[in-house]
Amino acid sequence: MVSNPELIGLLVGAGSAGKHHARVMSQRYHQFIVVDPASTVETWMKENLKPGDVYYNNLNSAISAIGDRAKNVTAVIANLGPDHCSTFHRLADCGIRKIVCEKPMSDSIALATQMIDRAKSDGIRLTVGFPRRFTLPASHVNRASNENLNGPPSAIAVHGGAKCLVTFGAHTVDFAIELFGSEPLRVVAVGNAASINPRGSALDYWGGAASWEFSNNRYLTMMFTNDSSVQSNTTIYAPTGIFEMAVNGRITMFQRNADEVAKDPRVTRVGEVDKQGVEIVSALEASSLALMLDEIESQNDLTYSGEQLVGSMEAMFGALIAIETKVVVEFPLSKSHALYGKLWNVT
């Protein structure tokens, strides 16, 4: 459904995630512009988007075409992570005030903080593409856990092949923050980067293991190996059961046998969960972008605030800092930390 015909959709970056966004935005906006340096994107648009959608191979040309209509533009930043900050400032400079930025907001905590500060000072409605912040699975898990599993979740364990501690892991770190209702206290990690990122060999792809400690003895542990092509698994632990979270976002609850628990409720008397699960959250749509666009185009308070954005960034990049420094990293991270401004070259 095409929205207000005066609104203009602008997509910067049409890689794998960007193409999902393009399909949503093409249907949403009567006037839709895609910017990407790859000329093959123009051919893809002709085959997959509606007639009349416009392609530019550079952002300056698109901004020139928009001219004095910047106030009517909703922009989505979906190019490579190291380019997010400069793209944001270019959009802000020309007067665009509604922006969705793919994760990570930047490849530097300091640059992400700059983006948040400018959004506040210039009245820019800015949010970041973590779909689970808008589909709210954490609230469903907490409610199901308290109602059926004798208390709230206390741990998340993620493991798999080459998924990257940042590229995929950032989603789980952000989910853990929402599930546990607070940012982590500290993180410890080991690992290394490899030049195998599918979006470009110049970008780092982190394998290794990291563990974040939250208040009240709650934990997130993540392990990915760059030497395996096996898909990842995510398990959320509660007092008398677990939740399995699939890569597509589906979450299924599994309970221990109630009679077995009743006979000996001590937590040290462990037992298997039933094989029959109950789905509590359906799979995510290929793109949850429409929910984010609805929000930034409204006058409602943003679901995902600037402070939350920076907290999630610190938690994620704190793991890489722990790997590099070989020490436990405490949160919140001081702005005077030697690696607060480091460019991590990830996307």
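Summarised in this report is the structure supplied together with it. The structure displayed is predicted, hence computed values, not measured ones. (Residues numbered from 1 in each chain as written. Predicted model: local features only at pLDDT ≥ 70, side-chain atom pairs only at ≥ 80, totals over all residues. Heavy atoms only, no water.)

## Some words on the packing of helix α4 (residues 84-93) against helix α5 (residues 109-122)
Closest axis-to-axis distance for the α4/α5 pair is 10 Å, and the angle between their directions is 15°. By the angle between their axes, α4 is roughly parallel relative to α5. Considering only the axes of α4 and α5, their crossing is left-handed. Along its contact with α4, which presents His84, Cys85, Phe88, His89, Ala92 and Asp93, the element α5 presents Leu111, Gln114, Met115, Arg118 and Ala119. Among the residues making up the contact of α4 with α5, the classes are represented as six nonpolar, three polar and two charged. (Axes fitted to C-alpha atoms, helices over the stretch in contact; angles between N-to-C directions. Helix = DSSP H or I, 4+ residues; strand = E, 2+ residues; numbered from the N terminus. Parallel < 35°, antiparallel > 145°, perpendicular 65-115°, else oblique. Left-handed = near helix turned anticlockwise from the far one by under 90°. Contact = heavy atoms within 4.5 Å. Nonpolar A, V, L, I, M, F, W, Y, C, P; charged D, E, K, R; others polar.)

## Remarks on the sheet that holds strand β4 (residues 73-77)
Taken together, six strands build an open sheet; the order of strands is β3-β2-β1-β4-β5-β6 and the sheet is parallel. Both edges of this open sheet fall to β3 (54-56) and β6 (125-128), since each of them pairs with a single strand only. This sheet shows a mean twist of 15° between the axes of neighbouring strands, independent of strand direction. The pairing of strand β1 (residues 8-12) with β4 spans five bridges and is parallel. Paired with leucine 10 across the strands is alanine 75, a residue of β4. (Pairing = 2+ DSSP bridges.)

## Concerning the nonpolar core
In terms of nonpolar packing, the biggest core is built from 104 residues, with Leu10, Met105 and Trp212 touching the most fellow members. In this structure methionine 105 touches His84, Cys85, Ala112, Met115, Ile116, Leu126, Val128, Leu309 and Met313, once residues within four positions along its chain are discounted. (Core = buried A, V, L, I, M, F, W, Y, C linked by side-chain atoms within 4.5 Å. Buried < 20%, exposed > 50% of the residue type's maximum accessible area, 1.4 Å probe, protein only.)

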